[in-house]
Structures are given as structure tokens and as C-alpha cells.
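# Observations on the model geometry
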Amino acid sequence: AMARIKSLLWQMVKGPSEGWVTFVLLLLSMMLAVWSVGSVGWVPTPGLYLLALWGVVLALLLAKIRFSGWLLAISGILLGLYLSFYQLTSLVDGATSLQRHAEVVNRLFMWGEALVNGSVSSDTLPFSLFFLFCSWLAGFICSWSFFRRHNIWGAVVPSGLVIVLNLTILEPGAQRLPLYLYLFVVCLLMARLFLLEREHDWDHRNIQRFPADSRLL
């Protein structure tokens, strides 16, 4: 048992087989996309950046587990939905956690009821839930696609949609710095994936490479 624990700890220290640089680039691209949304402040979104961070980290951990991918992915998404819901409890009043949970459910239900009846509701809580869950979902999908499937498009399209759609809604003279930084990081990420594919091809052909551990690069 101790040997197994030491093996797991050492694996965590070494990081993913794709390397820590890959993880940092992916995380940075996601954070830039979330920054573009959070800096505007459409609605209150407590824990927006933290949800994106944990979405990326959890997807990485689940992606390395040898188990049914569908079950792992669905479990991660459901967890993200609850965590997004939990963040809303900081926006409502209540003496206890249970009362705050009940208040969130009640306000979401009232908003849905108004929507079905064709009425107009000024409650922004559902939109807060939408932004929070999208933050988690985009981070989770990007990380899962990259570390489970090595799919570069799945790793950049969700975060790319977040930042492009947000900037599309803004005024023409709005801040474009997040977009420029995002494109730069995505270019580095794509170059990193290309390098990983070449290294895999070299290993398959038994071609000698630099002795440095590529996991650190």
C-alpha cells in the first residue's frame, strides 16, 4: 500500500505525461477567456475564476483515470453544475446554508415560471448561474479534450467561443487585450501539441532524442 501511495505521489510531482508547460498554457488560455467575461461584470459571478481553475484541474485528474470516459465526464460536469449552484448561495440571504440553498432554488424556480408564462423577470440570479457554469464547463471540456484525447480543437474551441462571443456583444471600442493574449497563448499551445506528436512519432520509430525529460518541458 505504501509503495502504491509513493507511486501516486511521484506521478503527481512529475505531472501529466504532456508536461507542466502544456498544462500551464491550457490553464492560461482558459483564464484569459474567463478574464474577458469577468472584467465586464455583466452580472455578479462569485468564484468565476476559481470554477474555471478547478474545471481544468479536475478534468486533468479524471482524464488520467483508466475508466469509462463517459461516466467520468458526466460526473465532472454534474459536479461543476452543483459547484456553480453553490456559488449562488453567497448572493442570497439566509441564516443557514440550507436556507440559502432553498432561496436559490426558489428564485430560479420563480424565474423559470415567469419565463414559461411569458412574463418578464428582473432577477439576474439565473444569468449568474449561466456564466458560472459556462466557466466550469469550458475549462472542463478544454482540459478533458486535451489530456484525454489530445484534441487541440476541443482544447481551444470552448474557450475561444467564450472570448469571441463576449467581445462580440461589447462595443466596438472595447478592450481587446484579452483576445490578443489569448491568441498568442493558443499559438504556443498548438506548437506544444505538435511537438508532442513529433516526440511520440520519434519514440515509435526508436529515434534518439535529447535525454532531457520531456515531461518537464
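What follows is about the nonpolar core. Counting residues in each nonpolar core, the largest one holds 48 residues, and the members touching the most others are Met-30, Phe-140, Trp-144 and Phe-146. Those elements that place two or more of their residues in this core are α2 (20-38), α3 (48-63), α4 (69-88), α5 (97-116), α6 (125-149), α7 (152-169) and α8 (177-204). With 11 residues, α6 is the single largest residue contributor to this core. The contacts of Phe-140, once residues within four sequence positions are left out, are Gly-55, Val-56, Leu-58, Ala-59, Leu-62, Leu-72, Ala-73, Gly-76 and Ile-77.

In this section: the packing of α3 against α4. Where α3 meets α4, the axes come as close as 11 Å, and the angle between the chain directions of the two elements is 160°. The angle between α3 and α4 falls in the class roughly antiparallel. Both α3 and α4 take part in a crossing whose hand is right-handed. Residues Leu-51, Leu-58 and Leu-62 of α3 form the contact with α4, whose own contacting residues are Leu-72, Gly-76, Leu-79, Leu-83, Ser-84 and Gln-87. Across the contact of α3 with α4, the residue classes tally to 6 nonpolar, 3 polar and no charged.

Okay, α7 next. Given a rise of 1.5 Å per residue, 18 residues ought to cover 26 Å, and the 26 Å separating the end C-alpha atoms of α7 matches this to within 8%. Where α7 is concerned, the buried positions are Ile-152, Gly-154, Ala-155, Val-156, Pro-158, Ser-159, Gly-160, Ile-163, Asn-166 and Leu-167. Between a side-chain oxygen at the N-terminus of α7 and the backbone nitrogen of Trp-153 the separation is 3.0 Å; the capping residue is Asn-151.

Here Leu-125 is to be found in helix α6. By relative accessible area, Leu-125 is classed as buried at 2%. In this structure Leu-125 touches Leu-88, Leu-91, Val-92, Val-104, Arg-107 and Leu-108, once residues within four positions along its chain are discounted.

With 86% of its residues at a pLDDT of at least 70, the protein reaches an overall mean of 85. Residue range residues 212-216 is modelled with pLDDT below 50. Its contacts to residues more than four positions away, or to other chains, number 10 contacts.

Further remarks concern the packing of aromatic side chains. The geometry of an aromatic ring pair is captured by the separation of the ring centres together with the interplanar angle, meaning the angle of the planes. Evaluation of the coordinates by the stated rule reveals 8 aromatic pairs. Relative to Phe-127, the ring of Trp-111 has its centre 5.8 Å away and its plane inclined at 85°; by these criteria the two rings are edge-to-face. With Trp-111 in helix α5 and Phe-127 in helix α6, this pair connects stretches of sequence that are 16 residues apart. Its relative accessible area of 23% is what places Trp-111 among the partly exposed residues. Using a relative accessible area of 39% as the deciding quantity, one classes Phe-127 as partly exposed. Look at Phe-130 and Phe-131: their rings are 5.7 Å apart centre to centre, the planes differ by 70°, and that puts the pair in the edge-to-face class. Residue classification places Phe-130 among the partly exposed residues on the basis of a relative accessible area of 49%. An aromatic cluster is defined as three or more aromatic residues linked by ring pairs; in this entry it consists of Trp-20, Phe-23, Phe-146 and Phe-147.

On to the pattern of salt bridges, then. By the definition in use, this model includes 2 salt bridges. Residues Lys-64 and Glu-18 are paired through a salt bridge, measuring 2.9 Å at the closest nitrogen-oxygen approach. Taken together, the residues Lys-64 in the loop between α3 and α4 and Glu-18 in the loop between α1 (2-14) and α2 connect sequence positions 46 residues apart. According to the relative accessible area criterion, Lys-64 is partly exposed, its value standing at 38%. Given the relative accessible area of 2%, Glu-18 is considered buried.

Our focus in this paragraph is unusual backbone geometry. In this structure, His-150 is a non-glycine residue whose phi angle is positive, near 55°. Relative to the assigned elements, His-150 resides in the loop between α6 and α7. You can call His-150 partly exposed: its relative accessible area is 38%.

What follows concerns the packing of α2 against α3. One can describe the packing of α2 onto α3 by two numbers: an axis separation of 10 Å at closest approach and a directional angle of 155°. Regarding the angle of α2 to α3, the classification is roughly antiparallel. α2 and α3 meet at a crossing whose hand is right-handed. Note on element contacts: α3 touches α2 through Leu-48, Tyr-49, Ala-52, Leu-53, Val-56, Val-57 and Leu-60, opposite Phe-23, Leu-27, Met-30, Met-31, Val-34, Trp-35 and Gly-38. Considered class by class, the residues forming the contact of α2 with α3 number 13 nonpolar, 1 polar and no charged.

Cut-offs used in this document
- Residues numbered from 1 in each chain as written.
- Predicted model: local features only at pLDDT ≥ 70, side-chain atom pairs only at ≥ 80, totals over all residues.
- Heavy atoms only, no water.
- Core = buried A, V, L, I, M, F, W, Y, C linked by side-chain atoms within 4.5 Å.
- Buried < 20%, exposed > 50% of the residue type's maximum accessible area, 1.4 Å probe, protein only.
- Helix = DSSP H or I, 4+ residues; strand = E, 2+ residues; numbered from the N terminus.
- Contact = heavy atoms within 4.5 Å.
- Axes fitted to C-alpha atoms, helices over the stretch in contact; angles between N-to-C directions.
- Parallel < 35°, antiparallel > 145°, perpendicular 65-115°, else oblique.
- Left-handed = near helix turned anticlockwise from the far one by under 90°.
- Nonpolar A, V, L, I, M, F, W, Y, C, P; charged D, E, K, R; others polar.
- Expected span 1.5 Å × (residues − 1).
- Polar contact = N/O pair within 3.5 Å; in protein donor to acceptor, adjacent residues only side chain to side chain.
- pLDDT = per-residue confidence, 0-100.
- Phe/Tyr/Trp six-rings, centres within 6.5 Å; stacked < 30°, edge-to-face > 60°.
- Salt bridge = Lys/Arg side-chain N within 4 Å of Asp/Glu carboxyl O.

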